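Overview (structure and organization)
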Amino acid sequence: MKLKKGYLVVQVGLEADENQDDDAMIKKFVIPISYLHHPLFLKLLDQARETYGYHVEGPLRLPCSADDFVDLRWRIEKEYNCRLQHDYNGDRRSE
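Report follows, based on the coordinates. These numbers come from a predicted model, not from an experiment. (Residues numbered from 1 in each chain as written. Predicted model: local features only at pLDDT ≥ 70, side-chain atom pairs only at ≥ 80, totals over all residues. Heavy atoms only, no water.)

Between its terminal C-alpha atoms helix α2 (residues 39–52) stretches 20 Å, which fits the 20 Å expected from 14 residues at 1.5 Å a residue. Taken together, the buried positions of α2 are Phe41, Leu44 and Ala48. Around the axis of α2, the buried residues are gathered within 60° of arc, so they sit on the same side. In α2, the exposed residues that point more than 90 degrees away from the buried face are Pro39, Lys43 and Glu50. Of the residues trailing α2, Gly53 is marked for its positive phi of about 85°. (Helix = DSSP H or I, 4+ residues; strand = E, 2+ residues; numbered from the N terminus. Expected span 1.5 Å × (residues − 1). Buried < 20%, exposed > 50% of the residue type's maximum accessible area, 1.4 Å probe, protein only. Arc of directions from axis to C-beta.)

Take the nonpolar core next. Ranked by internal contacts, the top residues of the largest apolar core, which has 16 residues, are Val10, Val12, Phe29, Ile31, Phe41, Leu62 and Phe69. Elements supplying a minimum of two residues to this core: β1 (7–12), β2 (27–32), α2 and α3 (66–93). It is α3 that contributes the most residues to this core, 5 residues altogether. What Val10 contacts, discounting residues up to four positions off in sequence, is Lys27, Lys28, Phe29, Ile31, Phe41, Leu60, Leu62 and Phe69. (Core = buried A, V, L, I, M, F, W, Y, C linked by side-chain atoms within 4.5 Å. Contact = heavy atoms within 4.5 Å.)

In structure tokens, the structure reads:
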């Protein structure tokens, strides 16, 4: 998979039990690198470090369900969009 500059792939999913297929539990997402600086994402990165350690091969793996990650991504995007809207409206008022 070729990614646009400024993006990375993460894998999300919780550990499967013996009755579930690992691939069914793991989902891949493409996210902007800017997420790496967001406090909510940093908290998830700390959980990943505690769960998997620092030296894990392959894509960045995050210990949460795909549904929880989608919610987290929505919250980050909503915050970024509100900030952009505020900046845009602030620029228009100063004209």
